[in-house]
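Structural description and commentary
Residues per chain, in single letters:
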Amino acid sequence: MPGVRGPAVYSQEPPRHPCLKINSKEPFNAEPPRSALISSYVTPVELFYKRNHGPIPIVDDIERYRVSIIGLIENPKELSMADIRKLPKYNVPATLQCAGNRRTAMSKVKTVKGVGWDVSAIGNAVWGGARLVDVLELVGIPKLTATTPSGGKHVEFTSVDKCKEENGGPYKASIPLKQATSPEADVLLAYEMNGEALNRDHGYPLRVIVPGVIGARSVKWLDSIDITAEECQGFFMQRDYKMFPPSVNWENINWASRRPQMDFPVQSAICSLEDVDMVKDGKVTVAGYAVSGGGRGIERVDLSIDGGKTWVEVARYQKPNVPYVADDMNSDKWAWVFFKAEVDIPQNAEIVAKAVDIAANVQPEDVADIWNLRGILNTSWHRVRVRVGYSNLTQN
Ligand SMILES: Nc1nc2c(c(=O)[nH]1)N[C@H]1C(S)=C(S)[C@@H](COP(=O)(O)O)O[C@H]1N2
Ligand SMILES: [Mo]
């Protein structure tokens, strides 16, 4: 692509916030501390997790930057940023979550392959850009198309970065054409994040946002859009980001037997406490996030202070003064909810959260039941252990 200096080296990485916990330096993978993650409903850009598979590309000549739309269509086109900005602009609040979120906890059951993450490989941003459905109309594909006349059924996104998993080639992913051409699906070509131009870490100048789907399909640094007959055959679609049962190991794995993961399952995590926390007295704040995939809202968040024996429902919310109603027009369909409760705990407590989405999907109880060799989709009940430590001063 013209206007791109894609360094195949790590000497030109952008500056990053010092509070991020770095899980891998090259490629750069980092997440904010738990407490910072829930300090605001819209995650500030600098605190948003960064998940990369190679060095951050440099697009330094925005005038010459083009996205090519090719494949099984009548009229292939090259679009400049000006062309994309001419289309109606949408601002979509959407939570992006890496399929590897909470992997570290899964690896405690049995070793898994992949970058370790605590509970913060997730963030909620307002993505601004053109809708993919409008972009595809420019090349003659009408809304709600499942198949083009020449047999196109998938939309493949190719980046300009270079990843070792692709043998030095670019990162790629695809989504079904039906979803790409559905106005309801809100798939975006985003050039803004929280009202500012996208920064290099998050895909400058243009990235895909596929709401409700694992982060891996939201391709950053977009180079081309290819209308294809088959789903993308790239590494990250075919040999990664697939959910396997616990019985599958590296000897008997058959990658072709499973579909690439798309929608995210229902998830929640407590972020006001660490895995093992010592608190001053028996009153603790339990706060965190809950989110589901496919635009399914959060129907309920349950909280336990006795390891899951008994439960109470906790309040959940998105914005101040707007009651959250799952599936309501005034709620952000693709975004997480926060929950918060003040609880009285005994000397030793195991605090547990689990969420239920509007389809009544519930998080699984035990991480061992969903263990998989790649360590993805750890959506098990989130547990933290709290000990009340009375200091001498507060003791009678
Ligand atoms: N080009 C490109 N796009 C990419 C990736 C990548 O390595 N290269 N990582 C994917 C993964 S696995 C995730 S979870 C999200 C992370 O987006 P973020 O870094 O903006 O949080 O980007 C996705 N898009
Ligand atoms: Mo990811």
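Use the structure listed above.
Figured I'd write up the structure that's included with this text. These numbers were taken from a predicted model, which means no experiment stands behind them.

**Things to note about the sheet that holds strand E19 (residues 298-304)**
- The strand order across the open sheet built from 5 strands is E17-E24-E23-E19-E20, with neighbouring strands paired in mixed fashion. Both outer strands of the open sheet, strand E17 (276-279) and strand E20 (312-313), are each paired with one neighbouring strand and no more.
- Of the strand pairs in this sheet, E17 and strand E24 (residues 382-388) are connected by 4 bridges, and their pairing is parallel. Note on E24: the bridge partner recorded for Asp277 is Val386.

**A few points about the environment of His382**
- Within the fold, His382 resides in strand E24.
- Each C-alpha atom, one on His382 and one on Gln267, is 9.0 Å from the other, the two residues being 115 residues apart in sequence.
- When sequence neighbours within four positions are dropped, the list of residues in contact with His382 reads Arg34, Arg102, Val119, Ser268, Ala269, Ile270, Asp275, Ile351, Val352 and Ala353.
- For His382, the side chain forms a polar contact with the main-chain nitrogen of Ile270, separated by 2.8 Å.

**Side note on the pattern of salt bridges**
- This model, assessed by the stated rule, comprises 19 salt bridges.
- A salt bridge links Asp61 to Arg64; the nearest nitrogen and oxygen atoms lie 3.5 Å apart.
- A relative accessible area of 22% means that Asp61 is categorised as partly exposed.
- With a shortest N-O distance of 3.4 Å, Arg383 and Glu350 are connected by a salt bridge. Pair noted here: Arg383 is in strand E24 and Glu350 is in strand E23 (residues 348-357), with a separation of 33 residues, a long-range link.

**Observations concerning the side chain of Glu166**
- Within the fold, Glu166 resides in the loop between strand E10 (154-159) and strand E11 (172-176).
- Lacking a salt bridge, the buried Glu166 has Lys172 as its closest oppositely charged neighbour, with an N-O distance of 5.1 Å.
- There is a polar contact of 3.0 Å between the side chain of Glu166 and the backbone nitrogen of Phe235.

**Focus: the packing of aromatic side chains**
- A full pass over the atoms with the stated rule returns 13 aromatic pairs.
- Measuring from centroid to centroid gives 5.5 Å for Phe48 and Tyr49, while their planes differ by 20 degrees, and the two rings are stacked. Summarising the burial analysis for this pair, Phe48 and Tyr49 share the class buried.
- Ring geometry for Tyr317 against Phe338: centres 6.3 Å apart, planes inclined by 90 degrees, an arrangement best described as edge-to-face. In this pair, Tyr317 is assigned in strand E21 (residues 316-317) and Phe338 in strand E22 (residues 337-344), connecting sequence segments 21 residues apart.
- A relative accessible area of 4% places Phe338 in the buried class.
- An aromatic cluster is built from Tyr41, Tyr289, Tyr317, Trp336 and Phe338, whose rings are joined through pairwise contacts.
- Cation over ring: Lys113 sits above Trp250, and NZ or CZ is 4.8 Å from the ring centre.
- The side chain of Arg131 reaches across the aromatic face of Tyr90, ending 4.0 Å from its centre.

Rules and cut-offs
Sequence order as written defines residue numbering, which begins from 1 separately in each chain. The lettering of chains begins at A and the numbering of ligands begins at 1, in the order of writing. For a predicted model such as this one, the threshold for reporting local features is a pLDDT of at least 70, and the threshold for listing and counting side-chain atom pairs is 80 or more; totals across whole chains, interfaces and linings nevertheless cover every residue. Hydrogens and waters are ignored; side-chain quantities use all the structure's heavy atoms. Any two strands are treated as partners once DSSP identifies two or more bridges connecting them. Per the convention used, a helix needs a DSSP run of H or I reaching at least four residues, while a strand needs a run of E reaching at least two, with both numbered from the N terminus. In this analysis, two residues are considered to be in contact whenever any of their non-hydrogen atoms come within 4.5 Å of each other. Side-chain atoms alone can form a polar contact between residues adjacent in sequence; in general such a contact is a pair of N or O atoms within 3.5 Å, and within protein one must be able to donate a hydrogen while the other accepts it. Salt bridges are identified by distance alone: a Lys or Arg side-chain nitrogen within 4 Å of an Asp or Glu carboxyl oxygen. Relative accessibility thresholds used throughout: buried, under 20% of the residue-type maximum; exposed, over 50%; partly exposed, between the two (1.4 Å probe, protein chains only). Under the counting rule used here, the positive set is Lys and Arg, the negative set is Asp and Glu, and His together with the chain ends is not counted. Each aromatic pair joins two rings of Phe, Tyr and Trp (for Trp, the six-membered one) with centres within 6.5 Å, and gets the label stacked for planes under 30 degrees apart, edge-to-face for over 60, and tilted for any other angle. By definition, being over a ring means that NZ of Lys or CZ of Arg is both within 6 Å of the ring centre and within 35 degrees of the ring normal.

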